[in-house]
2 protein chains.
Amino acid sequence: MIEKKVIRELTAIVGAGNVFTDKADLVTYSYDAAVLAPVAPGVVARPVAPEMLGRIAALCNENGLPLTARGAGTNLSGGTIPEPDGVVVLTNGLNKILEINAADMYARVQPGVVTAKLAAAVAARGLFYPPDPGSQAVSTLGGNVAENAGGLRGLKYGVTRDYVMGLEFYDAPGNLVKTGSRTVKCVTGYNLTGLMVGSEGTLGVISEIILKLIPPPADRRAMIAVFNRMDDASRAVSAIIADRVVPATLEFMDNFTIRAVEAYSHAGLPEDAAALLLIEVDGHPAQVAEDAEKVEAICRKHGAAGIRVAADDAERDRVWEARRSALSALAKLRPTLVLEDATVPRSRIPDMVRELEAIAKKHDLSIGTFGHAGDGNLHPTILTDKRDAKEWRRVERAISDIFDAALSMGGTLSGEHGIGTAKSGFMERETGPGALVFSRRLKSAVDPKNILNPSKIIGRAEASLDFKSGDLKSGDFKSGDLKSGEPESGKPESGAAGAGV
Amino acid sequence: MIEKKVIRELTAIVGAGNVFTDKADLVTYSYDAAVLAPVAPGVVARPVAPEMLGRIAALCNENGLPLTARGAGTNLSGGTIPEPDGVVVLTNGLNKILEINAADMYARVQPGVVTAKLAAAVAARGLFYPPDPGSQAVSTLGGNVAENAGGLRGLKYGVTRDYVMGLEFYDAPGNLVKTGSRTVKCVTGYNLTGLMVGSEGTLGVISEIILKLIPPPADRRAMIAVFNRMDDASRAVSAIIADRVVPATLEFMDNFTIRAVEAYSHAGLPEDAAALLLIEVDGHPAQVAEDAEKVEAICRKHGAAGIRVAADDAERDRVWEARRSALSALAKLRPTLVLEDATVPRSRIPDMVRELEAIAKKHDLSIGTFGHAGDGNLHPTILTDKRDAKEWRRVERAISDIFDAALSMGGTLSGEHGIGTAKSGFMERETGPGALVFSRRLKSAVDPKNILNPSKIIGRAEASLDFKSGDLKSGDFKSGDLKSGEPESGKPESGAAGAGV
C-alpha cells in the first residue's frame, strides 16, 4: 500500500484530476502488450508539464517507490508492467509537438506524442520521419525511444536510435539531464542520448526528444513475390541484399501466417503460397525502376511463381495493411500467442527459417513466421494455450531452442522488442557475464535505490556489483531473482493482438 | 615513478620487446595533435593480443595506475595525453582486419587498424566504409570510435557512431564486455556500444569493433563554387540543405584559408575569391545529375561568380587534397594554431560565419575559417603565438566568445573533435550541471579508482557524486580542478599540423 502522504504529494504535483487510485484504473495499467502476468500499481499519475516528471521522480526516490513510465503500453517484453504498489507515470498528458524545424530538419517533441501523428505532421512539412513500428498508430515516441523501436523500414532507414539527436530526461533524484543537440554532429560529453535509447525507463524519465528528419524519397514501388517453397523465398532475401539492393522494406510471411492474415483481412493474398515476400523500393525514380527490376529478376531466379507490383498507392496501402495485421490475425487462432524476435545476420535467414520449421516439428507446435527478413529480424510466433501445462513446457523449450539457434548463427535475442522482464533471464547466454555486470554497475550508480522501472533488462540490479579483476566466469555473479540462463516459469509468454511488430 | 614490479608484470604480459621506458620513447607518447602541454607517461606498453589489454587494465587497476590507450595520436582535444607516470597502451600491435563479411555487410577489426586501410580493403570487396576523418591516412579505428570521429562525408553518411554495430572492450578491472551484434538490429541489453563511442578511453579499452558497411554510390560529381562575398557562400549552404539536396560533402573555405592552402599546395584555387564551396554529390547517376544541376542553380542564385565541375577523378582528388591540406597550410603561418569546432544548426551557418568575422575583429586576431559547412560544423582557426602573453589573453577571450556564439544559436561546443581536457572546463556551459553529474556517476561506477584516461571529458570524476533530489543548480557541484565554466589557463590551446579535421 502506498502511504496517503505520498498520494497527497503526488496530487500536489500533478493536480487532483491527474492521480488515479481506483481499482479499475490500477487494473488498466497493470499489463502491456506482452501479456505477462499483470501487476497492479499502487497509484497512477498523469503529469501535464515536463517539470512534474522531475518532481515525481524525486518523490519516488525519497520514498523508495518504483516508478514505471508508460506511453501506449504496446511494448512486447514486459517493459511497462509496473511493480506491485509502484507508481505508473502516464506520458499522455505530455503530448505536444514543440517544434518542427524544416530548415534544420529536426523535430522537438514531448514523450507522449503518438508516432504516426508526428510522422503525419512532418510529412505535411515536406519531410520524413522513417521509424514505423507496427504499433505506430497508437505507440508514443517516448516509448519508441525507451524501447528503441524498429519497424518495417529498418532495412534502409534504420531504427529509432538512428533518429534521436538529443534528449532531456529526469534522473532518479529528479535532476534534469540535457544530452545531445539540435546539430547533426555533437561530441560534447558522453553519448548519454545513445545510452538512454533502449534503456526501457531504467535510467531516467524522458521529458523531451529531438528527432532527426530527412527528405522523403521521391518515388516508391511495392510488390509481392509469391513462392511455392519457403526455402526459395528466404534465399531470395539473402540474394537481394547480396546484390547490393537496399529495399526500404523486405518482409517475409510463411504459409501459416498468409492463411491467418487472409482469413482476417481478406486482402487477396494467395493462400496456397508457401511463402510471400512483400517488398518496397524507394528513392529517385530512376533508382526505383532499376531496383524494382533487379528485385524481380532475383525473385524469379530463386523460383518465384509470380510477382505482383502494386498498381497505385491504394493497392500498396492494402499490402502493408495486410502485413501489419499479421499479429492480430495469428492471435485469433489460439488463446496464447508467444511472439519472438530473435535476429540473425541477413545471410543466415534461410538457415533460420529452416531451423524454425525444425523446432516447430521437434516440439509439436504451431509456429507462424513472418517479419523483417531483410534485417534478419523474423518474428516466429508460437500459437498455444498457456493453461495446457504440458504444451506450455514444450513452448518453453522451443523458445530456448530459438534463442540458441539465433545465437549459434551470430545473432541476437532481440532485434527490436527489447528485453524487459521477458528475456532478462536469457541475457547472459548472449552477452556473457561482463556486459551484465558492467550494466548493473551503471544502473546502480545513477539509481542507487533502484526505483526506475526495476528488474527490467538486467534483472535485479542490486545483485553482483563487487569489483574483481581478471575474467569473470559465467557462474561468478547472481542475477537476482532470475536463474542464470533460465527463464522464470511463465516469463517467456509474450505478444498480443494490436501490438506493434 | 612506476614501481619496478609493475614494469616486470607488464613485461610478463606483453613481452620484453613491447615495453618502453626510455626517455625518448616516453617523450614520443607525451602529446597528441592538440599540442597541449606534453605529459610524459611512466611506461609505454604494446600489447600484441587482445586479451593482453584486459590483463594490463587489471594490473593498472590493482596498482591505481592511470591507463591511456593510444592509436595514432591524431586527436585534437588532448584525449591521448597521458597522466604523469601513467601507462600508455599502444594499439598498433592489434592491427588485424579480422573479417570482411560482404554478404552481411560488416567488418570486424582490431582497434589498431588504420582507417584508410580498412576503407581500401572494403572497397576492394565492392563495399563502402564512409567515415573519413581528415587524418584517415594514419588515424586508427579504435581512436575513431573512442573520439566518434567525423569527417567530410558526415553530411550524407553520418559519423563513426553511425557505423559501430558492436564492440568488445575490457573494463577497468579487466573483464571482457561484449556489446552489440553482427545483426543490423539489436536491442539486447543497454546500448553500451553507443555509450562507448566518443567516451575517449574513459570507460574501457576497446579490443574489437564490428563496423557496418554499405553499398558504394554508383556515381559522384565534385564541384567548386567561387563567391565574391562570404555571406553569399554561407547563405548558399543553407539554401542547398533547405532545398532537400543532401550532398555527400559540402565544405566551406574563407579567403584567408584559400590563400594559405594555395601557397601550400598550388592546387589552382582562386586566391581572390572571398569564399569557396567544395561540393560533392553522389548516388544513382540520375540523382547525381539532378542534384548537381540543383546545387549549381542555387549557388548561382546566391551570387556564385563561377562554378567548376571536376572533369575527372584526378581533378576531383586534387580538390579534396587541397581541402584536406587546409590545417597544415594554416599551421605554417604562425607558431601556434588554435583549431575550434563549435557547431551550429545548419541554417545558422550564415550567422555563425558573420559572428566569427566579428570576433576576429573584436579581439584583433587572424581567424581562418573552413570546414564542414553542410553539417554546421565549421573549423575557425586562430593563428597566434602562445609566447605573446597579451595576444594569448585575447585568444582565450575569442574562444570563449566562439563557444557562446555557437551555444546562443542552439549549437554545441564540439561537432567532432571531442572534449578531452581542452574543453572539459566549458562543458557545463552547454549541458548544465545535470549531465555532468550523471556522467560522473556512470564513470565512477565502472572505474571507481579512476584509472581509465582520468580527467578527460568530465574533469576529475571524483568530484560531486552526492545524490540530492530536485533541480541541481549550476553552483551545486564542484568540478574538481576545473573552475566551472572557466577554462584552465592554457587549456584551450589546440590544433596541430597534420591532424585530422
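Note that the structure is a prediction, hence the values are computed from the model and not measured. (Residues numbered from 1 in each chain as written. Chains lettered and ligands numbered in written order. Predicted model: local features only at pLDDT ≥ 70, side-chain atom pairs only at ≥ 80, totals over all residues. Heavy atoms only, no water.)

Draft legend 1. Highlighting the sheet that holds strand β16 (residues 377-384) of chain A. All names here are of chain A. Pairing within the open sheet is antiparallel, and its 7 strands lie in the order β13-β10-β12-β11-β15-β16-β14. Across the chains shown, the open sheet's two edge strands, defined by having one partner strand only, are β13 (304-309) and β14 (336-339). Within the sheet, the average angular offset between the axes of one strand and its neighbour, ignoring direction, is 20 degrees. Pairing of β14 with β16 involves 4 bridges; the strand directions are antiparallel. (Pairing = 2+ DSSP bridges. Helix = DSSP H or I, 4+ residues; strand = E, 2+ residues; numbered from the N terminus. Axes fitted to C-alpha atoms, helices over the stretch in contact; angles between N-to-C directions.)

Draft legend 2. Representation of the packing of helix α8 (residues 230-242) of chain A against helix α10 (residues 285-301) of chain A in the model. Residues and elements named next belong to chain A. Relative to each other, α8 and α10 sit at 140 degrees, their axes nearing to 9 Å. The handedness of the crossing between α8 and α10 comes out as right-handed. Judged by residue contacts, A236, A239 and I240 of α8 engage V295, I298 and C299 from α10. In terms of residue class, the contact of α8 with α10 is built from 6 nonpolar, no polar and no charged. (Left-handed = near helix turned anticlockwise from the far one by under 90°. Contact = heavy atoms within 4.5 Å. Nonpolar A, V, L, I, M, F, W, Y, C, P; charged D, E, K, R; others polar.)

Draft legend 3. Examining the packing of aromatic side chains more closely. This structure, assessed with the given rule, holds 8 aromatic pairs over all chains. Seen in terms of ring centroids, F438(A) and F169(B) are 5.1 Å apart; in terms of plane orientation they differ by 80 degrees. Their pairing is edge-to-face. Taken together, the residues F438(A) in helix α15 (residues 427-446) and F169(B) in strand β7 (residues 164-170) connect one chain to another. For the residue pair F438(A) and F169(B), the accessibility class agrees, reading buried in each case. Judged by centre distance (6.0 Å) and plane angle (75 degrees), the rings of Y129(B) and Y163(B) are edge-to-face. (Phe/Tyr/Trp six-rings, centres within 6.5 Å; stacked < 30°, edge-to-face > 60°. Buried < 20%, exposed > 50% of the residue type's maximum accessible area, 1.4 Å probe, protein only.)

Draft legend 4. Molecular detail of the interface of chain B and chain A. Contacts between the two partners involve 91 residues from chain B and, on the opposite side, 92 residues from chain A. For the pairing of chain B and chain A, the buried interface totals around 7500 Å² over both sides, and the portion due to carbon and sulfur atoms is 60%. Taken together, chain B and chain A are joined by 6 salt bridges. Residue K185(A) is joined to E416(B) by a salt bridge in which the shortest nitrogen-to-oxygen separation is 2.9 Å. Counting residues per element, the ones that place at least two in the side of chain B that touches chain A are α3 (50-63), β8 (176-180), α7 (192-196), α10 (285-301) and α15 (427-446) of chain B. Here the side of chain B that touches chain A gets 12 residues from one element, more than from any other, and that element is α15(B). Of the residues assigned to the side of chain B that touches chain A, the class counts are 37 nonpolar, 34 polar and 20 charged. (Buried area = accessible area lost by both parts, 1.4 Å probe. Salt bridge = Lys/Arg side-chain N within 4 Å of Asp/Glu carboxyl O.)

Draft legend 5. Spotlight on the sheet that holds strand β9 (residues 205-212) of chain B. Residues and elements named next belong to chain B. If you trace the 5 strands from one edge of the open sheet to the other, you get β5-β6-β9-β7-β8, paired in antiparallel fashion. Strands at the two margins of the open sheet, each flanked by one partner only, are β5 (97-101) and β8. Strand-to-strand twist across the sheet, computed as the mean angle between neighbouring axes with direction ignored, equals 10 degrees. As judged from the 4 bridges shared by β5 and strand β6 (residues 106-109), these two strands associate in the antiparallel manner.

Draft legend 6. Structural context of the domain arrangement of chain A. By domain assignment, chain A separates into domain 1 (4-90), domain 2 (97-212) and domain 3 (219-408). Here the C-alpha centroids of domain 1 of chain A and domain 3 of chain A sit 37 Å apart. (Domains from an automatic or database assignment.)

Draft legend 7. Fine view of the side chain of T381(A). All names here are of chain A. By the element assignment, T381 lies in strand β16. Reaching out from T381, the side chain makes a polar contact with the backbone oxygen of H379 at a distance of 2.9 Å. The contact partners of T381, leaving out residues within four places of it in the chain, are L327, L330, L337, V338, L339, S366, I367, G368 and F370. (Polar contact = N/O pair within 3.5 Å; in protein donor to acceptor, adjacent residues only side chain to side chain.)

Draft legend 8. Region of interest: unusual backbone geometry. Unlike most non-glycine residues, R244(A) shows phi in positive territory, near 70 degrees. Mapped onto the elements of the fold, R244(A) is located in the loop between α8 and β11 (249-254). A relative accessible area of 25% means that R244(A) is categorised as partly exposed. Of note in the backbone geometry, M105(B) takes a positive phi value of approximately 55 degrees without being a glycine. The topology assignment puts M105(B) in the loop between β5 and β6. What makes M105(B) buried here is its relative accessible area of 3%.

Draft legend 9. Examining the relation of the copies chain B and chain A more closely. For the match of chain B to chain A, the screw axis carries a shift of 0.0 Å, the RMSD comes to 0.0 Å, and the turn is 180 degrees. A rotation of that kind, with that shift, is consistent with a two-fold axis. Counting the interface residues of chain B, we find that 100% of their copies in chain A are interface residues as well, pointing to one common contact surface. (Least-squares fit on C-alpha atoms with pLDDT ≥ 70 in both.)

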